[in-house]
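Fold and geometry: a report
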Amino acid sequence: MSQSPENKKGQVETTGHVWDGDLREYNNPLPRWWLWGFYGTIIFAIVYWILYPAWPYADTYTKGISTVSFQVPVIGPDGKPEKDSDGNAKMETKTEHWNARALFHQEMQTSPSALAQKEWLAKVKDMSFEQIAANPDTLNFARSMGHGLFGDHCAACHGTGGQGHLSKNPEGSYPNLADNAWIHGDSYEKIVSEITNGIQGNMPAFGALYKGEKLTDLAQYVLSLSHQSGVNEEAANRGKASFATCAGCHGANGMGNQAIGAPNLTDQAWAFVDVPGSKNYDEKLKLVEGVIANGLQHQMPKFGDRLSPEQIRLLAVYVRQLGGT
Ligand code: HEC
Ligand code: HEC
């Protein structure tokens, strides 16, 4: 039986046990590098237990002494976030034991992209809307930030591209923000106030005043204003006189009134009545009759308590340029 060279030289220690005459057991010490590595892992584990959440006990766990700090809004006694004199949310530092959620908050506030966003926000803070829109860099910033905010807060109603939604039931319609037809006007200040305070759109019902043929004639006249094909001109002419009731809000020529949010009835952009999607003229007629008879109500929620004034300003720039103006 061959023996290993070390054994021959007698350099390797054995335990002294011998089996079957020549089977010996080596007594090799653990390699030094391995041993130190092993001690290293023990030290690492102890340091880790001290720093980070590690051991479960009862219904909780050891939290470790390592902490993560991040900014949170100050909540006032009324349970709402407090605001500073600029209307921005007041922030305070919150420190928690190390955990992934706190780390995420911290990263959202201190990552290079978050810091870049802060820098841009400071840059546009004192710029006018026109200045932000005129400078390609700040406009790009408004677009990218506005796009994110729009997706989170507005797209559910207005669609991801702001294209809105026309429903067969006019109460379920949401106006298109990506066209050039503004119900309330396209001034930045107006858009900011709409986002901040919400919108209450209201047209009274005229069902008691117009019924049967009178109602149909008036609806014919309304459809003639935007030159819908299929209008019965005779009926429209008869209906014209009744439009006096509507002129107070929609204007004598039906051009609308942005100050009170009465839409222009002479263009092809319908905000609430699905005239463009109607199968035939009769369907258009029924829809317009329905609006005259039942009136219209729409409500857009206010965002002043959810978005900061800076966010709303950027959204206004974003929304207005969706309309291509
Ligand atoms: C719950 C649905 C809803 C949400 C969410 C919503 N809106 Fe609206 N928005 C409406 C309705 C309904 C109207 C029409 C109000 C009216 O005139 O009757 C409207 C109208 C508007 C108008 C006026 C359009 C014009 O032609 O004058 C703007 C601008 C607008 N919304 C922007 C926004 C922005 C920006 C957000 C997100 C911060 C948003 N909306 C979120 C429902 C919504
Ligand atoms: C008190 C003001 C007022 C009067 C009077 C009024 N309207 Fe309106 N009308 C509005 C407002 C405001 C809206 C938008 C309603 C909303 O935001 O929900 C509207 C919406 C409409 C629409 C929908 C337009 C669209 O783009 O989808 C039609 C059609 C319409 N009115 C026709 C009439 C006719 C016809 C009369 C006369 C019988 C009339 N209105 C009288 C204020 C008025």
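Residues numbered from 1 in each chain as written. Chains lettered and ligands numbered in written order. Predicted model: local features only at pLDDT ≥ 70, side-chain atom pairs only at ≥ 80, totals over all residues. Heavy atoms only, no water.

Rules: UniProt positions are given in the numbering used here, feature names are shortened, and annotations may be inferred rather than shown by experiment.
The name given to the protein chain in an unreviewed UniProt entry is Cbb3-type cytochrome c oxidase subunit, with Halothiobacillus neapolitanus as the source organism. Listed under Sequence similarities (unreviewed entry) in UniProt, the entry text for the protein chain is "Belongs to the CcoP / FixP family." As recorded by UniProt, the Pathway (unreviewed entry) comment attached to the protein chain reads in full: "Energy metabolism; oxidative phosphorylation."

Quick notes on the site of ligand 1
Quick note on the threshold: We call a residue near a molecule or strand as soon as one heavy atom of that residue lies within 4 Å of the molecule or strand. In protein, a polar contact requires one atom able to donate a hydrogen and another able to accept it; more generally it is a pair of N or O atoms within 3.5 Å, and residues adjacent in sequence count only if both atoms are side-chain atoms. Secondary structure elements are taken from DSSP: a helix is a run of H or I of four residues or more, a strand is a run of E of two residues or more, and numbering for both begins at the N terminus. The nonpolar class holds Ala, Val, Leu, Ile, Met, Phe, Trp, Tyr, Cys and Pro. Asp, Glu, Lys and Arg form the charged class, and all remaining residues, Gly among them, are polar.
Among the 23 residues in the neighbourhood of ligand 1, the closest are listed as Cys154, Cys157, His158, His184 and Met300. The contact in question runs from a nitrogen atom of ligand 1 to an N or O atom on the side chain of His158, over 2.8 Å. A distance of 2.6 Å separates an oxygen atom of ligand 1 from a polar atom in the side chain of His184. Contributions of two or more residues to the shell around ligand 1 are made by α7 (155–158), α8 (188–197), β7 (199–203), β8 (296–300) and α13 (309–322). Element by element, the count of residues in the shell around ligand 1 is highest for β8, at 3 residues. Per-class residue counts for the shell around ligand 1 are 16 nonpolar, 6 polar and 1 charged.

Comments concerning the coordination of the iron atom of ligand 2
Condition: Counted as coordinating are nitrogen, oxygen and sulfur atoms within 2.8 Å of the metal, or 3.2 Å for Na, K and Ca, while water is not included, which may make sites look incomplete. For four-coordinate sites, all angles between 85 and 135 degrees define a tetrahedron; for four- and six-coordinate sites, opposite donors beyond 155 degrees with the remaining angles between 65 and 115 define square planar and octahedral shapes respectively, and all other cases count as irregular. Exposure categories follow from relative accessible area, calculated using a 1.4 Å probe and restricted to protein chains: below 20% of the type maximum is buried, above 50% is exposed, and the middle band is partly exposed.
Here the iron atom of ligand 2 is held by Met203 (SD) and His250 (NE2), and the distances to it run 2.0 to 2.1 Å. What the 6 donor atoms of the iron atom of ligand 2 show is an angle range of 86 to 179° at the metal, which sorts the shape as octahedral. You can see Met203 sitting in strand β7 and its partner His250 sitting in helix α11 (residues 244–250), a full 47 residues away along the chain. For the pair Met203 and His250, one class covers both residues: buried.

Quick notes on the coordination of the iron atom of ligand 1
His158 (NE2) and Met300 (SD) make up the full set of protein donors to the iron atom of ligand 1, lying at 2.0 to 2.1 Å. For His158, a relative accessible area of 9% gives the class buried. Residue Met300 is classed as partly exposed on the basis of its relative accessible area of 22%.

A few points about the environment of Glu92
Note the following rule: Throughout, a contact is declared for two residues whenever any of their heavy atoms are within 4.5 Å.
Within the secondary structure layout, Glu92 lies in strand β6 (residues 91–97). By relative accessible area, which is 41% here, Glu92 ends up partly exposed. For the pair formed by Glu92 and Val72, sequence separation is 20 residues and the distance between their alpha carbons is 5.5 Å. Residue contacts for Glu92: discarding those within four places in its chain leaves Phe70, Gln71, Val72, Pro73 and Val74.

Concerning the layout of surface pockets
Stated formally: Lining residues are those with an atom within 4 Å of a point, where the points come from a 1 Å grid over the protein atoms alone and group into cavities, where a 1.4 Å probe fits but cannot get out, or pockets, open sets with protein on both sides within 12 Å along at least five of seven lines. Grid points are joined across faces, edges and corners, and a volume is the space filled by probe spheres set on the points. These domain limits were set by an automatic method or by a database of domain assignments.
Reported here for the second largest pocket is a volume of approximately 1200 Å³. If you trace the second largest pocket, you find 30 residues lining it, with Met91, Gln117, Leu121, Ser308 and Gln311 closest to the centre. Looking at the lining of the second largest pocket, the elements that each hand over two or more residues are β5 (67–73), α3 (100–110), α4 (112–125), α6 (136–153) and α13. Per-element accounting of the lining of the second largest pocket gives the leading share, 7 residues, to α4. Its residues assigned to classes, the lining of the second largest pocket shows 12 nonpolar, 11 polar and 7 charged. When residues of the lining of the second largest pocket are sorted by domain, at least three fall in each of domain 2 (67–110) and domain 3 (122–198 + 301–322).

Some words on the site of ligand 2
Residues in close proximity to ligand 2 total 25 residues, the closest being Met203, Cys246, Cys249, His250 and His298. Residue His250 places a side-chain N or O atom 2.8 Å away from a nitrogen atom belonging to ligand 2. Within the side chain of His298, an N or O atom sits 2.5 Å from an oxygen atom of ligand 2. Mapped by element, the contributors of at least two residues to the shell around ligand 2 are β7, α9 (212–225), α11, α12 (281–294) and β8. The leading source of residues in the shell around ligand 2 is α11, at 4 residues. Of the residues in the shell around ligand 2, the class split is 18 nonpolar, 7 polar and no charged.

Some remarks on the packing of aromatic side chains
The following threshold applies: Only centres within 6.5 Å qualify two rings of Phe, Tyr or Trp (six-membered ring in Trp) as a pair; their planes then separate them into stacked at under 30 degrees, edge-to-face at over 60, and tilted for everything else.
Under the defined criterion, the tally for this structure stands at 11 aromatic pairs. With centroids separated by 6.1 Å and ring planes inclined at 35°, the aromatic side chains of Phe44 and Tyr48 adopt a geometry described as tilted. In this pair, Phe44 and Tyr48 are both assigned in helix α2 (residues 32–51), 4 residues apart and thus about one turn of the helix distant. Judged by relative accessible area, which is 56%, Phe44 ranks as exposed.

A few points about the environment of Ala219
Residue placement: Ala219 occurs in helix α9. Given a relative accessible area of 0%, Ala219 falls into the buried group. In this structure, the C-alpha to C-alpha distance between Ala219 and Val288, residues 69 residues apart in sequence, is 5.7 Å. Here Ala219 is in contact with Leu285, Val288, Glu289 and Ile292, once residues within four sequence places are set aside.

Regarding the UniProt feature "binding site: heme c 2" (unreviewed entry) in the protein chain
Cross-referencing UniProt, the feature "binding site: heme c 2" (unreviewed entry) maps to Met203, Cys246, Cys249 and His250 in the present numbering. In three dimensions, the annotated residues from a span of 48 residues occupy one location, with a maximal C-alpha spread of 10.4 Å. Considering the arrangement of structural elements, one finds Cys246 in helix α11. For Cys246, a relative accessible area of 16% gives the class buried. Cys246 has contacts with Leu218 and Gly251, leaving out every residue within four places of it along the chain. Setting aside residues up to four positions removed in sequence, His250 forms contacts with Met203, Phe243, Met255, Gly256, Ala262, Pro263 and Leu265.

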